[in-house]
Amino acid sequence: MTLRIGLLGASRVAVYAMIAAAKDVAGVEIVAVAARDLERARAYAKQHGIAHAFGSYEALIAADGIDAVYNGLPPNAHALWSIAAVQAGKPVLCEKPFALTIADVEAMLAAEARTGSLIMEAQHTHYHPRHRRIREIVQSGMLGQIRHVEARFDVPIPQTPDELRWDGAVGGGALWDLGVYPVYWLRASMGEEPQLVSARHSLNGKGADIWTEAEFTSGSGAQGSISCSMERNFAAWLHIEGDHGSLHVDNPLSPKEQRLELTRDGVMTEEQFTSRPTYAFQLEAFCDAVLHGQPVPTRGEDSLATIRLLSAIRKLAMKE
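For clarity, every value in this text was computed on a predicted model and none was experimentally measured.

Parameters and conventions
- Counting of residues starts from 1 at the beginning of each chain's written sequence and follows it residue by residue.
- Predicted model: local features are reported for residues with pLDDT of at least 70 only, side-chain atom pairs are reported and counted for 80 or more only, and whole-chain, interface and lining totals are derived from all residues.
- For the side-chain quantities, the full set of heavy atoms in the structure was used; hydrogens and water were omitted.
- In this analysis, strands are considered paired if DSSP registers two or more bridges between them.
- Helix and strand labels come from DSSP, where a helix needs a run of H or I of at least four residues and a strand needs a run of E of at least two; each type is numbered from the N terminus.
- Throughout, an axis means a line fitted to C-alpha atoms (over the contacting stretch in the case of helices), and angles, computed between N-to-C directions, take values from 0 to 180 degrees.
- Whether two residues are in contact is decided by their heavy atoms, any of which lying within 4.5 Å being enough.

1. Some details on the sheet that holds strand 9 (residues 209-217)
Strand pairs in the sheet, formed through backbone hydrogen bonds, run parallel or antiparallel to each other. The strand order across the open sheet built from 8 strands is 8-9-10-7-11-12-13-14, with neighbouring strands paired in mixed fashion. Of all strands in the sheet, those bounded by a partner on one side alone are strand 8 (195-203) and strand 14 (267-272). Along the sheet, successive strands turn relative to each other by an average axial angle of 10°, direction set aside. Alignment of strand 7 (residues 146-154) against strand 11 (residues 235-242), held across 8 bridges, turns out to be antiparallel. Bridging from a neighbouring strand, Ala 151 pairs with Leu 238 of strand 11. Along the sheet, helix 7 (residues 174-190) makes contact with strand 7, strand 9, strand 10 (223-229) and strand 11, crossing strand 10 at roughly 160°. The strands touched by helix 9 (residues 300-319) are strand 8 and strand 9; relative to strand 8, the strand with the most contacts, the crossing angle is about 60°.

This is how it looks when you write it as structure tokens:
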């Protein structure tokens, strides 16, 4: 059986997260795209070899011949259109951040429960074998008691008129676009839900944070920190310190640098992983969930825990 997916939004992220990934995943086809401007949707469809174009999101959601939906719209539209899709009987793979408020995420989960249609959060790094190995190392006790986890993701994002990530009104900003990754890595690596200690940021005139930093603790005494920036030079890494060793992951998002460095008792070993993109593994997981009922972890309470922590960071930083 082939899973036929429609794209909400003629977005840049869909090009690599869905269109390229679909070429690497059996049993899935991108069959439609919708934009608020029909001509833009048609141009996008022609460019990427997509059969159908729609001039509204409602039209795509209501269309026959589409089994599931990818929501690559700006974050402030994630809840509205994900809920509309599942109400039409179409499961959703929704880009991160899942939504911008706890109330919106709760509404999404309620719609999912009410309709029986999946809404999966697109935390693509979770599904790559390297990240599975990271969780295995931490949870197995190989590093001993975890003492400190630090994660960073900086990307210089040009301030062009059409760059929505500099517009806080639509969910732009370093925390929502970039910080969601180190926050998720921190949650997965600490082995327990982190407790926020401090947060600070710098806002632009449109309410988007240019950079955000936050510090955490946990019930076991582990400390953690995250940082993200839309101005600094590119940097992405995860570092975990334990009583018996450390784990360093350079560029946890990259399909070209899938390795990790594990140090135990002063001896460092390097482990290599497939360069197959994280997005292909994510799309496979979504297809298996929709077609075969396989469980996926980046949904439900996990998504709610992430948005709670992101919201707490934003709220506390506003007070500083």
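Following the structure, the description resumes.
2. Some points on the pairing of strand 12 (residues 245-250)
Where strand 11 meets strand 12, 6 bridges bridge the pair, whose relative direction is antiparallel. Residue pairing for strand 12: Gly 242 is matched across the bridge by Gly 245. Taking the residues between adjacent antiparallel strands as the criterion, strand 11 and strand 12 are bridged by 2 residues. Where strand 12 lies against strand 13 (residues 259-264), 4 bridges are found, and the strand directions are antiparallel. Each bridged residue has a counterpart across the sheet, and for Ser 246 the counterpart in strand 13 is Thr 263.

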